[in-house]
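# Summary of the model geometry
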Number of protein chains: 2
Amino acid sequence: MVNEDLPPTTKRISILGATGSIGKSASDVILAGGEAFSVEVVTADRNAVALAETARALGANCAVVADPAAEPALAEALAGSGIEASAGREALIEAAARPVDITLAAIVGAAGLAPTLAAIEAGSDIALANKECLVSAGALFVAAAEKAGVKLLPVDSEHNAIFQVLDSRDPNSVEKIVLTASGGPFRTWSLEDMARATPKDAVAHPNWSMGQKISVDSSTLLNKGLEVIEAHYLFDLAPDQIEVLVHPQSIVHGLVAYRDGSVLAQMSAPDMRVPIANCLWWPERKSAPHKSLDIAEVASLTFERPDTERFPALTLARDALERGGFATNILNAANEIAVEAFLNSQIGYLEIVPVIAEALGRAESAGFRAAPESLGDALVMDDEGRRLAREAVTSRSGRQSTAGAG
Amino acid sequence: MVNEDLPPTTKRISILGATGSIGKSASDVILAGGEAFSVEVVTADRNAVALAETARALGANCAVVADPAAEPALAEALAGSGIEASAGREALIEAAARPVDITLAAIVGAAGLAPTLAAIEAGSDIALANKECLVSAGALFVAAAEKAGVKLLPVDSEHNAIFQVLDSRDPNSVEKIVLTASGGPFRTWSLEDMARATPKDAVAHPNWSMGQKISVDSSTLLNKGLEVIEAHYLFDLAPDQIEVLVHPQSIVHGLVAYRDGSVLAQMSAPDMRVPIANCLWWPERKSAPHKSLDIAEVASLTFERPDTERFPALTLARDALERGGFATNILNAANEIAVEAFLNSQIGYLEIVPVIAEALGRAESAGFRAAPESLGDALVMDDEGRRLAREAVTSRSGRQSTAGAG
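### Topic: the interface of chain A and chain B
Taken together, the contact pairs 37 residues of chain A with 37 residues of chain B. A combined buried area of about 3,400 Å² lies between chain A and chain B, and 52% of that area is made up of carbon and sulfur atoms. Summed over the three residues of chain A that lose the most area to chain B, namely A:Asp260, A:Arg285 and A:Phe303, the buried surface amounts to 20% of that side. Here chain A is connected to chain B by six salt bridges. With a shortest N-O distance of 2.9 Å, B:Asp294 and A:Arg305 are connected by a salt bridge.

See the structure below:
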């Protein structure tokens, strides 16, 4: 075991979702930190080979795949390493609950809810990269973190920016915060052109290399809408204190405007190792590997208000936040289905938002009002949101086909 | 007396230089703060009427004019107010030494040295707006502040920006800081045009309304050179950790680049009440009167490296900082004379820097090497710097006349 006899200041870390891009960036930061960090648990969905490689590189004590079918491959890949291997949802949650100083919660989607909550309840600070925790069950997670006395440290570049320049000692000192948005590939497109946008157009993100789903979210600004919701829960700010500005260079990630006239901002090159290092080292600030930022080279930083006519997803997300915890949950679930339907060419680009709005309307008609009070609640709502969105997609695809046949 | 029975959290403030633009902005901040502040001493050079008005408005306990000739006018203007009136250098220093929580040191020029030092030695935190304290005798003032256990809070917008985003807990976390410069009225002028620049051209500052002398300093970037020197003393950074970028919009006042890849910046509308409020309220942050900043309205923030060929003052100031405390003292003194000579049309615009360089060379030839070890030393050097610069001006005016006659 590599982690014995560690210096007393070593931070023990678990990484839930170690093989994705956040996990890989975190590995860079941790390896550069040398003896400052020791890794307890690394997890992945099913990529046993990549997980075993990460576990060995980081000297982890334990590696878990969520998919039981991947267990033999993991055991084989870890043979002789002395690293524990296990598999399945139960094993994942159990591993997430092992006592560590900080847990990087980077499992994508609703699958991240239970392990993250287990880590919170075990008393670990959370470097939060999973967005469903706050969008699908924000009040629940904030309450759990408060109860356990743990800190939610935001990994998302925009929220991490706010976190870095927010004086949490006196919330009344804050007038508002600004989350920046690149504006995505359709920033300068007309509505007519957007109506004809293909999946290929939508995933061509100008500044960040990301997955297809999140690239589409960035193109609709729904991603920014979800970030407004997350910011509300993370920083306990009213919706109208959370502004969005389009900033195509993606250098300034977030700003805090104080009531004394000062506006503080965090900037960096687009490199997820920067916010991850901020979380993992917090409350210290230490050297970490990163792309460096040359402001004179960037030369110009521009800001503009988002066009809510062309990007109605932002308004939809704000409405959901006003309506409450059920609506943000449904919004997120329905968006996943709508984006999938767009990527599969079942609906047009400009139908993504109407599909989500339709799912939200149907959920409200079906009597959804209260925020989820348990993980179970949140997952049931999530399923329902997906089902309602699928119905909305089908009825539209039907209309499309009919229209095509007519 | 208005200041009796104050709440225990009231901050006692003295304002050295209360009738200048910094003093006026501070009055705005203090009046808006209501019972949070009580004013002990206000001082002015000789404007008794304005000082009395300020003293009454702020409910000060004591008002002092430096010029003894202004004493009768002050006494008359304060008659019946219950506010003590006194006059003269000794009275000024005595008043500066009264125990308060924070002293705004806003006397312009070498005249600010002794009263500011008296306030430091009396144990008051200092909101420092006088630049000579650090440029003419930086090591002395930093040592005095350390010895007295008081904080030097920078009022200058650039240094205050750095102060707001600098994590002072771990100096090793900082890679470098950036002070921004508007670039002044000659930012886009050619050297040929600059050679013909008139005093009127030079004082036309694009963003801030300032006095003639400081406007010329801003046009040469010597002002920014002095700020590099101040930053060195305030933040204990090596000269090569202090960068200058031209930022014509004057919105981002300073940036700190950390070794973890994050760059934190402070922005505000150009309004001195913002940094003053930051200092007076520190370590709290409270509402204060200010021009508000609409970043979407500003739309574009641009940054470029300064052109040291057209603006050699920046290099000259850096050289002086490398040479040490005598050189920064002489630099500042000689600059005052050179700018005065330019404003009086004795020398051309492009002769300002050569005059300072000549004074520095003469001082070095005359054996100056050590930083001032006392206020007396600093003032003697300052006098010498002025004398040497006058010589340089005279020899140039002579050459000019000769050339004109030839």
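### Quick look at the relation of the copies chain A and chain B
Both copies of the chain are related through a single rotation about an axis accompanied by a shift along the same axis. Overlay of chain A on chain B (RMSD 0.0 Å): rotation 180°, translation along the axis 0.0 Å. Between the two chains, the operation in question is that of a two-fold axis. Residue by residue, 100% of the interface of chain A is reproduced at the interface of chain B, so both copies engage with the same surface.

### Describing the pattern of salt bridges
Where charged atoms from two side chains of opposite charge come close, those side chains can pair. Counted under the stated rule, the structure contains 56 salt bridges over all chains. Among the ionic pairs, B:Asp260 bridges to A:Arg285, the shortest N-O distance being 3.0 Å. Of this pair, B:Asp260 sits in the loop between β10 (252-258) and β11 (263-267) while A:Arg285 sits in the loop between α12 (273-281) and α13 (295-298), placing the two residues on different chains. Per residue, the accessibility class of B:Asp260 equals that of A:Arg285, and both read buried. Linking B:Arg187 and B:Glu304 is a salt bridge whose minimum nitrogen-to-oxygen distance equals 3.5 Å.

### Regarding helix α10 (residues 212-220) of chain B
All names here are of chain B. Those residues of α10 lying buried are Ser 215, Val 216, Asp 217, Ser 218, Ser 219 and Thr 220. At its buried positions, α10 is contacted by α9 (199-202), α11 (222-235), α14 (313-323), α15 (325-343) and α16 (352-365). Note on α10: the residue one or two positions beyond its end, Leu 221, has a positive phi of about 70°.

### Regarding the domain arrangement of chain A
Residue and element names in this part refer to chain A. Here chain A is described as being made up of domain 1 (11-154), domain 2 (159-298) and domain 3 (324-405). Taken together, the eleven residues of domain 1 in the interface contact twelve residues of domain 3. A per-residue breakdown of the area domain 1 buries against domain 3 is headed by Val 135, Ser 136 and Leu 140, which together make up 51% of the total. Linking domain 1 with domain 3 are zero salt bridges. Counting the contacts that link domain 1 with domain 3 gives three residue pairs in polar contact (both at pLDDT 80 or more). When contributions to the side of domain 1 that touches domain 3 are tallied by element, the ones reaching two or more residues are α5 (113-121) and α6 (132-148). The residue inventory of the side of domain 1 that touches domain 3, partitioned by class, reads eight nonpolar, one polar and two charged.

### Section: the nonpolar core
By size, the foremost hydrophobic cluster in this structure holds 236 residues, and its most contacted members are A:Val42, A:Ile177, A:Leu331, B:Val42, B:Ile177 and B:Leu331. Non-local contacts of A:Leu331, meaning those with residues more than four positions away in its chain, are made with A:Leu222, A:Leu226, A:Ile229, A:Leu316, A:Ala317, A:Ala320, A:Ile356 and A:Leu360. Ranked by size, the runner-up nonpolar core spans 28 residues in total, among them A:Ile251, A:Ala265, A:Ala296 and B:Ala257.

### As for the confidence of the model for chain A
Detailed reading of predicted coordinates is not advised where the pLDDT is low. All names here are of chain A. Mean pLDDT over chain A: 94, with 95% of residues reaching 70 or higher. Every residue in residues 402-406 is under pLDDT 50, and counting partners more than four places away or in other chains gives zero contacts. We note a pTM of 0.95 for the whole complex and an ipTM of 0.94 for its interfaces.

### Topic: the sheet that holds strand β7 (residues 152-154) of chain A
All names here are of chain A. Spatial ordering of the open sheet is given by β4-β3-β2-β1-β5-β6-β7, a layout of seven strands whose pairing is parallel. The strands lining the two open edges of the sheet, one partner per strand, are β4 (84-87) and β7. When the angles between neighbouring strand axes are averaged without regard to direction, this sheet yields 20°. Taken strand by strand, helix α2 (residues 48-58) contacts β1 (11-16), β2 (37-44) and β3 (62-65), and its axis lies near 175° from that of β2.

### Observations concerning the packing of aromatic side chains
For the structure shown, the criterion picks out ten aromatic pairs over all chains. Ring geometry for B:Phe186 and B:Trp189: centres 4.6 Å apart, planes at 55°, overall tilted. Residue class for B:Phe186 comes out buried when judged on its relative accessible area of 0%. Taking the centre distance of 5.3 Å and the plane angle of 70° together, the rings of B:Phe342 and B:Tyr349 count as edge-to-face. Its relative accessible area of 3% is what places B:Tyr349 among the buried residues. Each member of the aromatic cluster is reached from another via a ring pair, and the members are A:Phe186, A:Trp189, A:Phe342 and A:Tyr349. For A:Arg285, the ring lying beneath its charged end belongs to B:Tyr258, and the centroid distance is 4.1 Å.

### Focus on the sheet that holds strand β9 (residues 242-246) of chain B
An order of β9(A)-β8(A)-β10(A)-β11(A)-β11(B)-β10(B)-β8(B)-β9(B) is seen for the eight strands of this open sheet, with the pairing classed as mixed. This sheet does not close on itself; its edge strands, each paired only once, are β9 (242-246) of chain A together with β9 of chain B. Neighbour-to-neighbour, the strand axes of the sheet open up by a mean angle of 20°, direction not taken into account. For strand β10 (residues 252-258) of chain A and strand β11 (residues 263-267) of chain A, the ladder comprises five bridges, and the chain directions are antiparallel. Across the sheet, residue A:Ala257 finds its bridge partner in β11(A), namely A:Val263. Against the sheet, helix α7 (residues 157-165) of chain A touches β8 (174-181), β10 and β11 of chain A together with β11 of chain B, its axis set at about 40° to β10(A).

### A closer look at helix α6 (residues 132-148) of chain B
All names here are of chain B. Between its first and last C-alpha atoms α6 spans 20 Å; for 17 residues at 1.5 Å apiece the expected length is 24 Å, and the helix comes up short by more than 12%. Remark: the principal bend of α6, roughly 110°, maps to Gly 138. Counting buried positions along α6 gives twelve out of 17 residues, so the element sits mostly inside the fold. Along α6, the positions that sit buried rather than exposed are Glu 132, Cys 133, Leu 134, Val 135, Ser 136, Ala 137, Gly 138, Leu 140, Phe 141, Val 142, Ala 144 and Ala 145. Just downstream of α6, Gly 149 is the residue with a positive phi angle, here 70°.

### Some thoughts on the environment of A:Ala97
Residues and elements named next belong to chain A. As for its position among the elements, Ala 97 is in the loop between α4 (89-96) and β5 (102-105). When the C-alpha positions of Ala 97 and Ala 122 are compared, they lie 5.3 Å apart, and in sequence the two are 25 residues distant. Those residues in contact with Ala 97 that sit more than four places away from it in its chain are Ala 118 and Ala 122.

### Thoughts on the environment of B:Gly348
With respect to the element layout, B:Gly348 can be found in the loop between α15 and α16. Along the sequence, B:Gly348 and B:Arg196 sit 152 residues apart, while their C-alpha atoms lie 7.3 Å from each other.

### Some remarks on the packing of α6(B) against α11(B)
Residue and element names in this part refer to chain B. Relative orientation of the contacting elements α6 and α11 amounts to 0°, with a least axis distance of 9 Å. Relative to α11, α6 is oriented roughly parallel. For the pair formed by α6 and α11, the contact residues are Leu 134, Val 135, Gly 138, Ala 139 and Val 142 on the first element and Leu 226, Ile 229, Glu 230, Tyr 233 and Leu 234 on the second.

### Overview of the pairing of strand β8 (residues 174-181) of chain B
Residues and elements named next belong to chain B. Summarising burial for β8: six of the eight residues are buried, a large majority. Both β8 and β10 contribute to a ladder of five bridges, which runs antiparallel. When the sheet's bridge partners are listed, Ile 177 is paired in β10 with Val 256. Across five bridges, the pairing between β8 and β9 is parallel. By the bridge assignment for β9, Val 178 is matched with Glu 243.

Parameters and conventions
Residues numbered from 1 in each chain as written. Chains lettered and ligands numbered in written order. Predicted model: local features only at pLDDT ≥ 70, side-chain atom pairs only at ≥ 80, totals over all residues. Heavy atoms only, no water. Contact = heavy atoms within 4.5 Å. Buried area = accessible area lost by both parts, 1.4 Å probe. Salt bridge = Lys/Arg side-chain N within 4 Å of Asp/Glu carboxyl O. Least-squares fit on C-alpha atoms with pLDDT ≥ 70 in both. Helix = DSSP H or I, 4+ residues; strand = E, 2+ residues; numbered from the N terminus. Buried < 20%, exposed > 50% of the residue type's maximum accessible area, 1.4 Å probe, protein only. Domains from an automatic or database assignment. Polar contact = N/O pair within 3.5 Å; in protein donor to acceptor, adjacent residues only side chain to side chain. Nonpolar A, V, L, I, M, F, W, Y, C, P; charged D, E, K, R; others polar. Core = buried A, V, L, I, M, F, W, Y, C linked by side-chain atoms within 4.5 Å. pLDDT = per-residue confidence, 0-100. Pairing = 2+ DSSP bridges. Axes fitted to C-alpha atoms, helices over the stretch in contact; angles between N-to-C directions. Phe/Tyr/Trp six-rings, centres within 6.5 Å; stacked < 30°, edge-to-face > 60°. Lys NZ or Arg CZ within 6 Å of the ring centre and 35° of its normal. Expected span 1.5 Å × (residues − 1). Bend = angle between axes of the 7 residues up to and from the residue. Parallel < 35°, antiparallel > 145°, perpendicular 65-115°, else oblique.

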